[in-house]
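Architecture at a glance
So you can see what is in the structure, the chains are spelled out below.
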Amino acid sequence: MNPILAGVALAVIAGAVAAVASRDPRVAVLALATTLILSPLLADPVAAPVGLAARFVGSILAAYLLWIAVRDRPSVGPVSAATEGSRIGWPAEVLIAAAASVVGYSAHGLGAPADGPALASAAGFALAALAVVPMLTGRDVLRMGTGLILLLDAALVVRVGLGGTPDPLEQLVTSGLLVALGGTLATLAMAARGDGTGGLELTADSGTRRRWEPDAHPLDPAAGPPR
Amino acid sequence: MTLLPFLIVTIGGALAVLFLRGPERLATAVGLLALLVALVSALAMRPNESLAIGESGLATTGYLRLFLVLGSLVGLILAVIGAAAGSRRDATAVTLAVLGTSALALSLPDARLAVLAATAGGAFGALLCVAPLGGRAGATIGIRALRATVVAGTMAIAAIAWIGRDLSELAAQPVVFGLAYLAVALAVAIRFGVIPVHAWAARLADTVPETTLPLVTAWAPAALAIVALAWADASIAPLRVDVDVDQARAVVLAVALASIVLASVAAWIQDDLEHIVGYAIIGEAGVVMLAVAALDPEAWAPARMWILSFVVARSAFAAWAAAVRTTFFTGRVADLRGWAIRSPLLAIAFLFIVLASIGLPGLAAFDARGALIEGTVDGPLAVVAWIGVLSPLAFYGRLFLVGVGRPDPRPGADTSWLPVFSPLALTDLRRWATMTWSDNRAFIATGSATLLAVVALAVSAGMFGGPAAAAGLPPTVERAAESLEPDQPESPLETPGPSLEPEPSVELEPSLEGDPGASEPGPEGPGPSFEPVPTASG
């Protein structure tokens, strides 16, 4: 086992644990950035410098867009943007990640010899396991978004474990995807913060479909349709 | 390479519109201009070009060109209708982003990369949820749409990575091929929001305007569906004789049929046009799922032809719904009595849309859909499928009956559908132009919807070279050799792209353990046990 690669895998998983466990959104975004930046290093051989640079830029940009959305701003209201954090505490998240890592390491290749390192599979499974709960039960934009980014990163890392080091074009397209995801999440987070008290919470789901209001007939047709 | 200007225009245009979203008129103008330039770039695109980048690259095909030309044209018309109907300022940015990512997805020969691009396109779609409701409610619906996109993307990335390598020493049971196929097929289903995974798409119809709904639920998923079709035809279909994927295929078929039939029922019971449009899209996406379930190279050309017709026809229906709302200030069906009598142009557009989506024998889309049904199901299931694909006639008929009913006497009901021109004011041209635009919003929306309906009918009829382009091969970098001749081999398997190479590396040979019947493995009956055997290529 390559000790450097093992260290990178541990750092990736630690970043993911901190991202899902922290209640401070800035800490969560910073931890997420750590995971995103280190993930492309989980490859053997390491990707070409051009591809790595593209991934670093994409990861930093995605995280920075989220950072912009969650930082404290007087204009968005009195409440700072807190996120839920883990409901079971970080030690339990660590145990979940450890168990998933063992499964991923043992199942490396999923039935056939793989072209990438087993540590990538271990880290990928851990990221996926950590992503499930925030993604399915998250009640604020950042927590759900953290789950989504971790899930996508898990797929990318598992893909490296199965198929080997991506080429520069794949790294570039991946960077674009990460930036698109980060930008969209940041826009959604800012939309949530701009409404009401400035928090990141989602609206409660009543379980029923919103019905369109009866359209009022315009008093003055020349005024145009209601918007 | 002529694809690059299109990518630069669409991605650059999307970013420009997002940066300029403050002044709404400027953002709309820049967006419309970018869409126009994108249309010109798509028209100038040349098929059979390739650009090698490392081990992969980009390649253009005739189908890519046609998809982007139609996408740009439809996006432009929808943007004009959106501007007339008071749509959202981010709509053109999302349109441009979806077009750019679709261009990437359809030009990347490697399915692993193409899925990434298609997923990015879906991520942009969630932005549409932010502006209409504003704030928290929009963010809630948007992040659920984003969740569907990411989950689908993750499934597809993992499944394609699993298959896309050397599997000559496969130790697992071949049934895992079926699981990989099922994962990709369900990813397509989730992206389209077909029944039963339609909750996010239904909520989306609550939120986004009619003109933007097809972008998220038709155009962006269509790119993923085309990629998935190429991947399944190249990676799964050749193994179908040796590997039992029938259970996975049965699940996909069930999803397809459920969506085709139940979406029409759902559309029938809706009381507003937005949800009728939403469920109409879901129903026809069920036919795309039929194509995914076909696993037969014969379905390649009909499937891609149907996708072209489907996205344009559903966009035309959405445009028609927006024009109705703009003309009559309501989208509630009960309040629309006499719409066809009051606005004959809308009635003509409606007729074209019905023809484009339901079709007639001889129209390319109708024949393509028929070929897909015949190639995937038979017996009673085929009857169910045919009833399902014709069932939209029920909600179309309902809308038509409402349209020819006695008009409701109410304020605003006597609004003319004809254009209105005030005398030209040479001293204040800007004010005159603003007033003329404002006075003719309904006519502009209706006229644009009619134009789009004509385009939809033309695509459905097979014009613009649709059937020939659909029969072409997927992009390849080494030898970008798509032929637009209809009599060329329709199978994409004969010249697979770089990403499609690993699949022949597994040759599954039946182990004959005293079972003479096992020498001819088939999809039915107890299959023999398979052991992977390394091949020369492996």
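The shown structure was predicted, so the numbers you read here are calculated from the model rather than taken from an experiment.

1. Section: the overall build of chain A
Counting its regular elements, chain A contains seven helices and zero strands. Beginning at the N terminus, the succession of helices and strands in chain A can be written as α-α-α-α-α-α-α. Buried positions account for 57% of the 227 residues belonging to chain A. Of the contacts formed within chain A by residues at least 6 apart in sequence, a portion of 77% connects residues at least 24 apart.

2. Some remarks on the overall build of chain B
Scanning chain B from terminus to terminus reveals 21 helices and four strands. Taking all 538 residues of chain B together, the buried fraction comes to 62%. At a minimum sequence separation of 6, the contacts of chain B that also span at least 24 residues come to 79%.

3. What to know about the pairing of strand 1 (residues 50–53) of chain B
All names here are of chain B. Pairing between strand 1 and strand 2 (residues 56–59): four bridges, direction antiparallel. Across the sheet, Ile-53 pairs through a bridge with Ser-56, a residue of strand 2. What sits between strand 1 and strand 2 in their antiparallel hairpin is a turn of two residues, with Gly-54 showing a positive phi close to 65 degrees.

4. Remarks on the packing of helix 6 (residues 141–163) of chain A against helix 7 (residues 168–193) of chain A
Residue and element names in this part refer to chain A. Where helix 6 meets helix 7, the axes come as close as 10 Å, and the angle between the chain directions of the two elements is 170 degrees. Between helix 6 and helix 7, the angle is such that the two are roughly antiparallel. In this structure, helix 6 contributes Val-141, Leu-142, Gly-145, Leu-148, Ile-149, Leu-152 and Leu-156 to the contact, and helix 7 contributes Thr-174, Leu-181, Leu-185, Leu-188, Ala-189 and Ala-192. Taken together, the residues of the contact of helix 6 with helix 7 break down into eleven nonpolar, two polar and no charged.

5. Things to note about unusual backbone geometry
Cis peptide bonds are those with omega within 30 degrees of zero, and the linkage from Asp-44 of chain A to Pro-45 of chain A qualifies with 5 degrees. Among the structural elements, Pro-45 of chain A can be located in the loop between helix 2 (25–38) and helix 3 (49–70). The omega torsion across Ile-195 of chain B and Pro-196 of chain B is 15 degrees, close enough to zero to call that bond cis. Note on placement: Pro-196 of chain B falls in the loop between helix 8 (175–192) and helix 9 (199–207). For Leu-295 of chain B, which is not a glycine, the phi torsion comes out positive at approximately 50 degrees.

6. Examining the environment of Gly-397 of chain B
If you trace the backbone, Gly-397 of chain B turns up in helix 18 (residues 392–403). Distance in space between the C-alpha atoms of Gly-397 of chain B and Thr-61 of chain B is 39 Å, their sequence separation being 336 residues.

7. Let's talk about the interface of chain B and chain A
Chain B puts 60 residues into the contact, and the matching count from chain A is 51 residues. Listed by contribution, the elements that provide at least two residues to the side of chain B that touches chain A are helix 5 (111–125), helix 7 (135–163), helix 9 and helix 13 (300–328) of chain B. Of all the elements, helix 7 of chain B adds the most residues to the side of chain B that touches chain A, at 17 residues. Across the side of chain B that touches chain A, the residue classes break down as 29 nonpolar, 18 polar and 13 charged.

8. Overview of helix 15 (residues 344–358) of chain B
Residues and elements named next belong to chain B. Taking 1.5 Å per residue, 15 residues should reach 21 Å; helix 15 reaches 21 Å between its end C-alpha atoms and fits that length. Among all positions of helix 15, only Leu-346, Ala-349, Phe-350, Phe-352, Ile-353, Val-354, Ala-356 and Ser-357 are buried. Packing partners of the buried residues in helix 15 comprise helix 12 (273–294), helix 13, helix 14 (339–342), helix 18 and helix 20 (441–461). Phi turns positive one or two residues past the end of helix 15, at Gly-359, with a value near 80 degrees.

9. A closer look at helix 12 of chain B
Each α-helix turn comprises 3.6 residues. Residues three or four places apart therefore point the same way. Residues and elements named next belong to chain B. Given a rise of 1.5 Å per residue, 22 residues ought to cover 32 Å, and the 32 Å separating the end C-alpha atoms of helix 12 matches this to within 8%. Of all 22 residues that make up helix 12, 22 are buried, and the element is covered over most of its length. Leu-295 occupies a position one or two residues after helix 12 and carries a positive phi of about 50 degrees.

Calculation criteria
- Residues numbered from 1 in each chain as written.
- Chains lettered and ligands numbered in written order.
- Predicted model: local features only at pLDDT ≥ 70, side-chain atom pairs only at ≥ 80, totals over all residues.
- Helix = DSSP H or I, 4+ residues; strand = E, 2+ residues; numbered from the N terminus.
- Buried ≥ 20, exposed ≤ 12 C-beta atoms within 10 Å, placed from the backbone.
- Contact = placed C-beta atoms within 7 Å.
- Pairing = 2+ DSSP bridges.
- Axes fitted to C-alpha atoms, helices over the stretch in contact; angles between N-to-C directions.
- Parallel < 35°, antiparallel > 145°, perpendicular 65-115°, else oblique.
- Nonpolar A, V, L, I, M, F, W, Y, C, P; charged D, E, K, R; others polar.
- Expected span 1.5 Å × (residues − 1).

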